[in-house]
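# A look at the structure
Chain residues, written in single-letter form:
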Amino acid sequence: MTVASQPAHPPARLGHTMKPRQLTMMGLGSAIGAGLFLGSGAGIQAAGPAVLISYLVAGTLIILVMWALGEMAAASPNSGAFSVYAERALGKTAGATIGWLWWLQLVVVIAAEALGAAALLFSIWPVIPVWLLSLIFMVVFTAINLTGVRNFGEFEFWFAILKVVAIVLFLLIGAALLLGFLPAVPSPGFANLTTDFAPAGLGGIAAALFVVIFAFGGTEIVSVAAAETEDPERSVGKAIRTVVWRILVFYIGSVFVIAAVLPASSEALASPFAGVLDAARIPGASTAITLVAVVALLSALNANLYGASRMVYSLADRGEAPRFLARLLGPGVPMAAVGVSVAFGFIATVLELLFPERILPALFQLVGSTCLVVWGSALVSQLILRRRADNAGLRLPLRMLGFPWLTILGLVLLATIFGVGLSEESSRVQLLSTFALIAAIAAACWVGARLSARAGQPK
(Lines give C-alpha, C1' and ligand atoms only; values in the text may rest on other atoms or scores of the structure.)
Protein backbone atom coordinates (compact mmCIF):
# COMPACT_ATOMS: atom_id res chain seq x y z
CA MET A 1 0.00 0.00 0.00
CA THR A 2 1.40 3.40 -0.93
CA VAL A 3 1.63 6.55 1.08
CA ALA A 4 -1.26 8.14 -0.77
CA SER A 5 -3.57 5.16 -0.98
CA GLN A 6 -5.23 5.60 2.39
CA PRO A 7 -7.41 8.55 3.31
CA ALA A 8 -5.99 10.78 6.02
CA HIS A 9 -9.06 10.79 8.26
CA PRO A 10 -7.79 12.76 11.30
CA PRO A 11 -6.61 15.79 9.29
CA ALA A 12 -9.98 16.04 7.57
CA ARG A 13 -11.57 16.94 10.87
CA LEU A 14 -8.82 18.97 12.47
CA GLY A 15 -8.40 22.63 11.62
CA HIS A 16 -6.33 23.75 8.62
CA THR A 17 -5.54 27.30 9.73
CA MET A 18 -1.83 27.13 10.53
CA LYS A 19 0.20 29.42 8.28
CA PRO A 20 3.32 28.24 6.42
CA ARG A 21 5.42 30.76 8.38
CA GLN A 22 4.08 29.30 11.63
CA LEU A 23 4.93 25.77 10.50
CA THR A 24 8.49 26.82 9.69
CA MET A 25 9.01 28.58 13.00
CA MET A 26 7.48 25.66 14.90
CA GLY A 27 10.23 23.44 13.54
CA LEU A 28 12.78 25.89 14.87
CA GLY A 29 10.94 26.38 18.15
CA SER A 30 10.79 22.69 19.00
CA ALA A 31 14.48 22.09 18.27
CA ILE A 32 16.14 25.31 19.50
CA GLY A 33 15.72 24.86 23.23
CA ALA A 34 17.76 23.92 26.24
CA GLY A 35 19.79 21.54 24.07
CA LEU A 36 21.42 24.54 22.40
CA PHE A 37 21.37 27.18 25.14
CA LEU A 38 22.53 24.88 27.93
CA GLY A 39 23.43 21.48 26.49
CA SER A 40 26.01 22.74 23.99
CA GLY A 41 28.39 23.39 26.87
CA ALA A 42 28.15 19.76 27.98
CA GLY A 43 29.01 18.63 24.45
CA ILE A 44 32.15 20.81 24.39
CA GLN A 45 33.19 19.54 27.82
CA ALA A 46 32.87 15.96 26.56
CA ALA A 47 34.64 16.32 23.21
CA GLY A 48 36.34 19.70 23.12
CA PRO A 49 36.18 21.55 19.77
CA ALA A 50 35.75 18.12 18.14
CA VAL A 51 32.12 18.41 19.18
CA LEU A 52 31.73 20.07 15.78
CA ILE A 53 32.18 16.61 14.25
CA SER A 54 29.32 15.36 16.43
CA TYR A 55 27.14 18.21 15.19
CA LEU A 56 28.01 17.52 11.55
CA VAL A 57 27.16 13.81 11.90
CA ALA A 58 23.90 14.46 13.74
CA GLY A 59 23.10 17.34 11.37
CA THR A 60 23.53 15.12 8.33
CA LEU A 61 21.25 12.52 9.89
CA ILE A 62 18.49 14.99 10.75
CA ILE A 63 18.62 16.45 7.22
CA LEU A 64 18.03 12.99 5.74
CA VAL A 65 15.26 12.22 8.25
CA MET A 66 13.50 15.51 7.56
CA TRP A 67 13.67 14.97 3.79
CA ALA A 68 12.15 11.52 4.23
CA LEU A 69 9.43 12.82 6.53
CA GLY A 70 8.76 15.75 4.22
CA GLU A 71 8.15 13.43 1.27
CA MET A 72 5.62 11.36 3.24
CA ALA A 73 3.95 14.33 4.93
CA ALA A 74 3.45 16.20 1.66
CA ALA A 75 1.89 13.11 0.06
CA SER A 76 -0.32 12.27 3.04
CA PRO A 77 -0.47 14.94 5.79
CA ASN A 78 -1.64 13.28 8.99
CA SER A 79 -1.56 14.24 12.66
CA GLY A 80 -0.09 10.80 13.39
CA ALA A 81 2.76 11.47 10.91
CA PHE A 82 5.57 8.93 11.30
CA SER A 83 3.34 6.69 13.44
CA VAL A 84 0.84 6.42 10.57
CA TYR A 85 3.61 5.94 8.01
CA ALA A 86 5.17 3.17 10.12
CA GLU A 87 1.74 1.50 10.34
CA ARG A 88 1.32 1.56 6.57
CA ALA A 89 4.86 0.30 5.96
CA LEU A 90 5.39 -2.14 8.83
CA GLY A 91 1.99 -2.96 10.32
CA LYS A 92 -0.35 -1.75 13.05
CA THR A 93 1.77 -2.86 16.01
CA ALA A 94 4.83 -1.01 14.68
CA GLY A 95 2.81 2.16 14.03
CA ALA A 96 1.17 2.12 17.46
CA THR A 97 4.52 1.42 19.17
CA ILE A 98 6.23 4.39 17.48
CA GLY A 99 3.27 6.65 18.27
CA TRP A 100 3.11 5.75 21.95
CA LEU A 101 6.91 5.90 22.28
CA TRP A 102 7.05 9.43 20.87
CA TRP A 103 4.07 10.54 22.96
CA LEU A 104 5.70 9.22 26.14
CA GLN A 105 8.93 11.00 25.27
CA LEU A 106 7.13 14.30 24.80
CA VAL A 107 5.07 13.93 27.97
CA VAL A 108 8.25 13.59 30.00
CA VAL A 109 9.96 16.42 28.10
CA ILE A 110 6.97 18.75 28.65
CA ALA A 111 7.24 18.24 32.41
CA ALA A 112 10.99 18.73 32.36
CA GLU A 113 10.74 21.91 30.29
CA ALA A 114 8.20 23.44 32.66
CA LEU A 115 10.37 22.62 35.69
CA GLY A 116 13.55 23.68 33.91
CA ALA A 117 12.10 27.04 32.86
CA ALA A 118 10.81 27.57 36.38
CA ALA A 119 14.20 26.78 37.94
CA LEU A 120 16.00 29.14 35.56
CA LEU A 121 13.57 31.97 36.22
CA PHE A 122 13.81 31.37 39.96
CA SER A 123 17.60 31.66 39.76
CA ILE A 124 17.32 35.32 38.72
CA TRP A 125 13.96 36.12 40.33
CA PRO A 126 13.70 34.11 43.58
CA VAL A 127 10.22 35.29 44.50
CA ILE A 128 7.81 32.54 43.39
CA PRO A 129 8.88 28.96 44.21
CA VAL A 130 9.86 26.62 41.40
CA TRP A 131 6.87 24.32 41.76
CA LEU A 132 4.42 27.23 41.56
CA LEU A 133 6.15 28.77 38.53
CA SER A 134 6.00 25.37 36.85
CA LEU A 135 2.29 25.14 37.63
CA ILE A 136 1.69 28.60 36.17
CA PHE A 137 3.54 27.67 32.97
CA MET A 138 1.53 24.46 32.61
CA VAL A 139 -1.79 26.29 33.04
CA VAL A 140 -0.88 29.04 30.57
CA PHE A 141 0.32 26.73 27.81
CA THR A 142 -2.51 24.29 28.29
CA ALA A 143 -4.90 27.21 27.74
CA ILE A 144 -3.00 28.30 24.62
CA ASN A 145 -3.23 24.80 23.16
CA LEU A 146 -6.98 24.69 23.82
CA THR A 147 -7.76 27.88 21.91
CA GLY A 148 -7.14 26.54 18.41
CA VAL A 149 -4.21 25.85 16.14
CA ARG A 150 -4.12 29.39 14.70
CA ASN A 151 -3.55 30.95 18.12
CA PHE A 152 -1.09 28.25 19.09
CA GLY A 153 0.85 28.76 15.87
CA GLU A 154 1.01 32.53 16.40
CA PHE A 155 2.37 32.15 19.94
CA GLU A 156 4.98 29.68 18.69
CA PHE A 157 5.90 31.98 15.80
CA TRP A 158 6.78 34.88 18.09
CA PHE A 159 8.51 32.68 20.65
CA ALA A 160 10.73 31.30 17.89
CA ILE A 161 11.38 34.80 16.51
CA LEU A 162 12.74 35.87 19.92
CA LYS A 163 15.10 32.91 20.01
CA VAL A 164 16.29 33.45 16.45
CA VAL A 165 16.99 37.13 17.12
CA ALA A 166 18.94 36.22 20.27
CA ILE A 167 21.06 33.68 18.39
CA VAL A 168 21.77 36.08 15.52
CA LEU A 169 22.90 38.76 17.99
CA PHE A 170 25.05 36.19 19.75
CA LEU A 171 26.70 35.14 16.49
CA LEU A 172 27.42 38.78 15.58
CA ILE A 173 28.93 39.50 19.00
CA GLY A 174 30.92 36.27 18.92
CA ALA A 175 32.30 37.02 15.46
CA ALA A 176 33.27 40.54 16.52
CA LEU A 177 35.02 39.15 19.61
CA LEU A 178 36.96 36.51 17.66
CA LEU A 179 38.00 38.98 14.94
CA GLY A 180 39.08 41.65 17.44
CA PHE A 181 36.43 44.19 16.49
CA LEU A 182 35.25 44.90 20.05
CA PRO A 183 36.96 47.98 21.54
CA ALA A 184 39.07 47.39 24.67
CA VAL A 185 38.33 43.64 24.59
CA PRO A 186 41.24 41.33 23.66
CA SER A 187 40.35 38.68 21.10
CA PRO A 188 40.92 35.04 22.15
CA GLY A 189 41.64 34.19 18.51
CA PHE A 190 41.23 30.62 17.35
CA ALA A 191 43.85 28.95 19.52
CA ASN A 192 41.24 26.98 21.48
CA LEU A 193 40.17 25.26 18.26
CA THR A 194 43.65 24.21 17.18
CA THR A 195 45.60 23.61 20.41
CA ASP A 196 43.68 20.57 21.62
CA PHE A 197 40.96 19.76 19.09
CA ALA A 198 39.89 16.37 20.50
CA PRO A 199 41.19 16.06 24.09
CA ALA A 200 39.07 12.96 24.81
CA GLY A 201 39.56 11.33 21.42
CA LEU A 202 36.89 9.28 19.69
CA GLY A 203 35.22 8.44 23.01
CA GLY A 204 34.58 12.12 23.68
CA ILE A 205 33.12 12.64 20.21
CA ALA A 206 30.84 9.64 20.77
CA ALA A 207 29.71 10.90 24.17
CA ALA A 208 28.98 14.34 22.74
CA LEU A 209 27.03 12.78 19.87
CA PHE A 210 24.22 11.72 22.18
CA VAL A 211 24.07 15.20 23.72
CA VAL A 212 23.79 16.65 20.21
CA ILE A 213 21.12 14.18 19.08
CA PHE A 214 18.97 15.02 22.07
CA ALA A 215 19.33 18.69 21.16
CA PHE A 216 18.07 18.03 17.62
CA GLY A 217 15.12 16.00 18.90
CA GLY A 218 11.76 17.63 18.24
CA THR A 219 12.45 18.80 14.69
CA GLU A 220 10.22 15.98 13.43
CA ILE A 221 7.17 17.79 14.85
CA VAL A 222 6.92 19.63 11.51
CA SER A 223 5.54 16.45 9.96
CA VAL A 224 2.81 16.31 12.63
CA ALA A 225 1.83 19.96 12.18
CA ALA A 226 1.56 19.53 8.40
CA ALA A 227 -1.91 18.06 8.91
CA GLU A 228 -3.27 21.43 10.11
CA THR A 229 -1.41 23.69 7.69
CA GLU A 230 -2.81 25.54 4.71
CA ASP A 231 -1.71 23.97 1.42
CA PRO A 232 0.45 21.27 3.08
CA GLU A 233 1.96 20.01 -0.18
CA ARG A 234 3.74 23.32 -0.75
CA SER A 235 4.14 24.39 2.88
CA VAL A 236 5.86 21.20 4.02
CA GLY A 237 8.56 21.36 1.36
CA LYS A 238 9.35 24.98 2.17
CA ALA A 239 9.35 24.35 5.92
CA ILE A 240 11.63 21.32 5.64
CA ARG A 241 14.19 23.19 3.53
CA THR A 242 14.12 26.29 5.72
CA VAL A 243 14.23 24.50 9.06
CA VAL A 244 17.15 22.32 8.04
CA TRP A 245 19.55 25.05 6.96
CA ARG A 246 18.58 27.45 9.73
CA ILE A 247 19.09 24.86 12.44
CA LEU A 248 22.48 23.88 11.07
CA VAL A 249 23.60 27.50 10.79
CA PHE A 250 22.36 28.38 14.27
CA TYR A 251 23.67 25.25 15.97
CA ILE A 252 27.01 24.83 14.25
CA GLY A 253 27.63 28.58 14.15
CA SER A 254 26.88 29.00 17.86
CA VAL A 255 28.94 25.98 18.90
CA PHE A 256 31.86 27.14 16.75
CA VAL A 257 31.85 30.51 18.54
CA ILE A 258 31.56 28.91 21.99
CA ALA A 259 34.35 26.39 21.34
CA ALA A 260 36.62 29.11 19.98
CA VAL A 261 36.07 31.47 22.92
CA LEU A 262 35.85 29.02 25.85
CA PRO A 263 38.35 26.17 26.39
CA ALA A 264 36.90 22.72 27.12
CA SER A 265 38.01 22.99 30.76
CA SER A 266 36.25 26.32 31.35
CA GLU A 267 33.69 26.45 34.15
CA ALA A 268 31.78 29.01 32.06
CA LEU A 269 30.55 26.13 29.86
CA ALA A 270 27.89 25.49 32.49
CA SER A 271 26.13 28.40 30.78
CA PRO A 272 28.04 28.69 27.50
CA PHE A 273 26.19 31.59 25.90
CA ALA A 274 26.59 33.68 29.06
CA GLY A 275 30.26 32.69 29.20
CA VAL A 276 30.91 34.04 25.72
CA LEU A 277 29.00 37.26 26.41
CA ASP A 278 30.91 37.72 29.67
CA ALA A 279 34.16 37.29 27.75
CA ALA A 280 32.92 40.00 25.40
CA ARG A 281 32.24 42.15 28.48
CA ILE A 282 28.58 42.59 27.65
CA PRO A 283 26.85 43.92 30.80
CA GLY A 284 23.94 41.91 32.15
CA ALA A 285 24.84 38.96 29.93
CA SER A 286 24.02 36.23 32.45
CA THR A 287 20.58 37.61 33.22
CA ALA A 288 19.77 38.24 29.57
CA ILE A 289 20.77 34.79 28.36
CA THR A 290 18.95 33.15 31.25
CA LEU A 291 15.75 34.89 30.18
CA VAL A 292 16.35 33.76 26.59
CA ALA A 293 16.82 30.20 27.84
CA VAL A 294 13.52 30.44 29.72
CA VAL A 295 11.80 31.57 26.53
CA ALA A 296 13.50 28.72 24.64
CA LEU A 297 12.22 26.14 27.09
CA LEU A 298 8.69 27.54 27.09
CA SER A 299 8.65 27.66 23.29
CA ALA A 300 9.72 24.02 23.12
CA LEU A 301 7.09 23.15 25.75
CA ASN A 302 4.44 24.84 23.62
CA ALA A 303 5.44 22.94 20.46
CA ASN A 304 5.87 19.61 22.23
CA LEU A 305 2.47 19.86 23.91
CA TYR A 306 0.93 20.42 20.49
CA GLY A 307 2.79 17.43 19.05
CA ALA A 308 1.92 15.11 21.94
CA SER A 309 -1.78 15.96 21.83
CA ARG A 310 -2.00 15.40 18.07
CA MET A 311 -0.17 12.08 18.27
CA VAL A 312 -2.42 10.62 20.96
CA TYR A 313 -5.44 12.00 19.08
CA SER A 314 -4.31 10.11 15.99
CA LEU A 315 -3.77 6.93 18.02
CA ALA A 316 -7.29 7.21 19.39
CA ASP A 317 -8.76 7.85 15.96
CA ARG A 318 -7.07 4.68 14.70
CA GLY A 319 -8.33 2.62 17.62
CA GLU A 320 -4.92 2.41 19.32
CA ALA A 321 -5.97 4.56 22.31
CA PRO A 322 -9.27 5.18 24.15
CA ARG A 323 -11.83 6.67 21.76
CA PHE A 324 -12.66 9.66 23.96
CA LEU A 325 -9.21 11.08 23.16
CA ALA A 326 -10.38 11.70 19.58
CA ARG A 327 -13.18 14.08 20.57
CA LEU A 328 -12.85 17.63 19.27
CA LEU A 329 -13.84 21.04 20.58
CA GLY A 330 -15.52 23.63 18.37
CA PRO A 331 -12.25 25.10 16.96
CA GLY A 332 -11.04 21.63 15.99
CA VAL A 333 -8.98 21.05 19.14
CA PRO A 334 -8.67 17.55 20.69
CA MET A 335 -9.39 18.72 24.25
CA ALA A 336 -9.07 15.32 25.95
CA ALA A 337 -5.83 14.61 24.07
CA VAL A 338 -4.40 17.92 25.29
CA GLY A 339 -5.53 17.05 28.82
CA VAL A 340 -3.81 13.66 29.03
CA SER A 341 -0.67 15.10 27.41
CA VAL A 342 -0.25 17.75 30.12
CA ALA A 343 -1.31 15.54 33.03
CA PHE A 344 2.20 14.45 33.94
CA GLY A 345 3.39 18.05 33.77
CA PHE A 346 0.93 18.92 36.53
CA ILE A 347 1.91 15.82 38.49
CA ALA A 348 5.53 16.86 38.17
CA THR A 349 4.82 20.03 40.16
CA VAL A 350 3.85 17.79 43.07
CA LEU A 351 6.87 15.55 42.51
CA GLU A 352 9.06 18.66 42.66
CA LEU A 353 7.85 19.18 46.23
CA LEU A 354 8.14 15.53 47.30
CA PHE A 355 11.20 14.28 45.38
CA PRO A 356 13.17 17.27 44.09
CA GLU A 357 15.64 16.51 41.28
CA ARG A 358 15.08 12.73 41.46
CA ILE A 359 12.08 11.71 39.33
CA LEU A 360 12.73 13.49 36.04
CA PRO A 361 16.39 12.43 35.65
CA ALA A 362 15.28 8.79 36.00
CA LEU A 363 12.61 9.26 33.33
CA PHE A 364 15.04 10.97 30.99
CA GLN A 365 17.34 7.97 31.35
CA LEU A 366 14.46 5.83 30.09
CA VAL A 367 13.36 7.95 27.12
CA GLY A 368 16.55 9.87 26.33
CA SER A 369 17.34 8.06 23.07
CA THR A 370 13.79 7.50 21.80
CA CYS A 371 14.22 10.11 19.08
CA LEU A 372 16.77 7.82 17.41
CA VAL A 373 14.16 5.08 17.18
CA VAL A 374 11.58 7.49 15.76
CA TRP A 375 14.07 8.75 13.17
CA GLY A 376 14.92 5.18 12.22
CA SER A 377 11.25 4.29 11.77
CA ALA A 378 10.81 7.33 9.49
CA LEU A 379 13.70 6.27 7.25
CA VAL A 380 12.55 2.64 7.03
CA SER A 381 8.95 3.71 6.34
CA GLN A 382 10.02 6.10 3.58
CA LEU A 383 12.19 3.42 1.99
CA ILE A 384 9.23 1.01 1.84
CA LEU A 385 6.47 3.48 0.94
CA ARG A 386 8.52 5.26 -1.74
CA ARG A 387 9.19 1.93 -3.46
CA ARG A 388 5.47 1.12 -3.37
CA ALA A 389 4.60 4.52 -4.81
CA ASP A 390 7.20 4.23 -7.58
CA ASN A 391 6.08 0.70 -8.45
CA ALA A 392 2.48 1.91 -8.66
CA GLY A 393 3.49 4.86 -10.86
CA LEU A 394 2.14 7.44 -8.38
CA ARG A 395 3.16 11.07 -8.62
CA LEU A 396 4.42 12.39 -5.27
CA PRO A 397 4.22 16.16 -4.66
CA LEU A 398 7.62 16.16 -2.93
CA ARG A 399 10.31 13.60 -3.75
CA MET A 400 13.44 12.96 -1.73
CA LEU A 401 16.47 13.28 -3.99
CA GLY A 402 19.05 10.53 -4.22
CA PHE A 403 16.59 7.77 -3.38
CA PRO A 404 17.25 5.11 -2.17
CA TRP A 405 20.93 5.84 -1.51
CA LEU A 406 20.44 8.84 0.79
CA THR A 407 17.83 6.95 2.80
CA ILE A 408 20.25 4.04 3.12
CA LEU A 409 22.99 6.48 4.15
CA GLY A 410 20.73 7.72 6.92
CA LEU A 411 20.14 4.17 8.14
CA VAL A 412 23.88 3.46 8.06
CA LEU A 413 24.57 6.60 10.12
CA LEU A 414 21.87 5.56 12.56
CA ALA A 415 23.26 2.04 12.89
CA THR A 416 26.73 3.49 13.46
CA ILE A 417 25.43 5.76 16.22
CA PHE A 418 23.71 2.83 17.91
CA GLY A 419 26.90 0.78 17.63
CA VAL A 420 29.03 3.55 19.11
CA GLY A 421 26.45 4.14 21.84
CA LEU A 422 26.39 0.49 22.88
CA SER A 423 30.19 0.42 23.03
CA GLU A 424 30.32 3.37 25.43
CA GLU A 425 29.39 2.81 29.06
CA SER A 426 27.94 6.31 29.43
CA SER A 427 25.27 5.71 26.77
CA ARG A 428 24.82 1.91 26.92
CA VAL A 429 22.40 1.95 29.84
CA GLN A 430 20.29 4.63 28.17
CA LEU A 431 20.04 2.67 24.92
CA LEU A 432 19.25 -0.62 26.65
CA SER A 433 16.57 1.13 28.72
CA THR A 434 15.04 2.52 25.54
CA PHE A 435 15.05 -0.94 23.91
CA ALA A 436 13.30 -2.39 26.98
CA LEU A 437 10.70 0.38 26.86
CA ILE A 438 10.06 -0.28 23.16
CA ALA A 439 9.62 -3.99 23.81
CA ALA A 440 7.14 -3.28 26.60
CA ILE A 441 5.11 -0.84 24.47
CA ALA A 442 5.11 -3.21 21.49
CA ALA A 443 3.92 -6.10 23.65
CA ALA A 444 1.13 -3.96 25.13
CA CYS A 445 0.02 -2.80 21.66
CA TRP A 446 0.02 -6.37 20.32
CA VAL A 447 -1.97 -7.70 23.28
CA GLY A 448 -4.40 -4.78 23.03
CA ALA A 449 -4.96 -5.47 19.33
CA ARG A 450 -5.64 -9.15 20.02
CA LEU A 451 -8.08 -8.39 22.84
CA SER A 452 -9.92 -5.83 20.72
CA ALA A 453 -10.18 -8.30 17.83
CA ARG A 454 -11.63 -10.95 20.13
CA ALA A 455 -14.15 -8.48 21.53
CA GLY A 456 -15.25 -7.63 17.99
CA GLN A 457 -14.08 -4.01 18.17
CA PRO A 458 -13.01 -2.56 14.81
CA LYS A 459 -9.33 -1.79 14.56
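Residues numbered from 1 in each chain as written. Predicted model: local features only at pLDDT ≥ 70, side-chain atom pairs only at ≥ 80, totals over all residues. Heavy atoms only, no water.

The cut-off we apply is this: UniProt positions are given in the numbering used here, feature names are shortened, and annotations may be inferred rather than shown by experiment.
If you look the chain up in an unreviewed UniProt entry, it shows as GABA permease from Arthrobacter ulcerisalmonis. Heading Sequence similarities (unreviewed entry) of the UniProt record for the chain holds this comment: "Belongs to the amino acid-polyamine-organocation (APC) superfamily. Amino acid transporter (AAT) (TC 2.A.3.1) family." Note on the chain: under the UniProt heading Subcellular location (unreviewed entry), the record states "Membrane".

## Remarks on helix 18 (residues 370-391)
Structural remark: α-helix, 3.6 residues per turn; residues separated by three or four positions point the same way. Just so we agree on the cut-off: Helix and strand assignments come from DSSP, with helices taken as H or I runs of at least 4 residues and strands as E runs of at least 2, each series counted from the N terminus. One less than the residue count of a helix, multiplied by 1.5 Å, gives the span that helix is expected to have. Classification of residues uses two cut-offs on accessible area relative to the type maximum, computed with a 1.4 Å probe and protein chains only: under 20% is buried, over 50% is exposed, and between them is partly exposed.
Taking 1.5 Å per residue, 22 residues should reach 32 Å; helix 18 reaches 32 Å between its end C-alpha atoms and fits that length. Among the 22 residues in helix 18, 16 count as buried, and that is most of the element. Gly393 sits one or two residues past helix 18 and shows a positive phi near 70 degrees.

## Thoughts on the nonpolar core
If you look at soluble globular proteins, the nonpolar side chains tend to sit buried side by side. So the rule is basically this: Residues belong to one nonpolar core when they are buried, are Ala, Val, Leu, Ile, Met, Phe, Trp, Tyr or Cys, and are joined through side-chain atoms within 4.5 Å.
Within the largest apolar cluster, 140 residues are counted, with the highest numbers of intra-cluster contacts made by Phe37, Leu61, Phe82, Phe216, Leu372 and Trp375. When residues of this core are assigned to their parent elements, the largest contribution, 18 residues, is made by helix 15 (residues 285-317).

## A few points about the packing of helix 8 (residues 130-146) against helix 16 (residues 335-354)
Stated formally: Lines fitted to the C-alpha atoms define the axes, with helices restricted to the stretch that makes contact. Angles between their N-to-C directions range from 0 to 180 degrees. In these notes the angle categories are as follows: under 35 degrees is roughly parallel, over 145 is roughly antiparallel, 65 to 115 is roughly perpendicular, and the rest is oblique. Contact criterion: two residues are considered in contact whenever any of their non-hydrogen atoms come within 4.5 Å of each other. Following the grouping adopted for this structure description, the nonpolar residues are Ala, Val, Leu, Ile, Met, Phe, Trp, Tyr, Cys and Pro, the charged ones are Asp, Glu, Lys and Arg, and the polar ones are all others, Gly among them.
Taken N-terminus to C-terminus, the directions of helix 8 and helix 16 make an angle of 175 degrees; their axes are 9 Å apart at the nearest point. By the angle between their axes, helix 8 is roughly antiparallel relative to helix 16. Across the interface between the two elements, Val130, Trp131, Ser134, Leu135, Met138, Val139, Thr142, Asn145 and Leu146 from helix 8 touch Met335, Val338, Val342, Gly345, Phe346, Thr349, Glu352 and Leu353 from helix 16. Tallied by class, the residues present in the contact of helix 8 with helix 16 amount to 11 nonpolar, 5 polar and 1 charged.

## Quick word on the packing of aromatic side chains
We describe a pair of aromatic rings using the distance from one ring centre to the other and the angle between the two ring planes. To be explicit about the condition: To pair, rings of Phe, Tyr and Trp, with the six-membered ring standing in for Trp, must have centres within 6.5 Å; the planes then decide the type, stacked if under 30 degrees apart, edge-to-face if over 60, and tilted in the middle.
Under the defined criterion, the tally for this structure stands at 8 aromatic pairs. Taking 4.2 Å as the distance between ring centres and 35 degrees as the angle between the ring planes, the aromatic pair formed by Phe170 and Phe273 counts as tilted. Taken together, the positions of Phe170 in helix 9 (residues 149-178) and Phe273 in helix 14 (residues 272-279) put the pair 103 residues apart, joining distant regions of the chain. For the pair formed by Phe170 and Phe273, the shared burial category is buried.

## Description of the environment of Phe190
Tracing the chain through its elements places Phe190 in the loop between helix 9 and helix 10 (191-195). Here Phe190 falls in the partly exposed class, since its relative accessible area comes to 37%. C-alpha separation for the pair Phe190 and Ala259, spaced 69 residues apart in sequence, amounts to 9.0 Å. Contacts of Phe190, omitting those with residues within four sequence positions, involve Leu178, Phe256 and Ala260.

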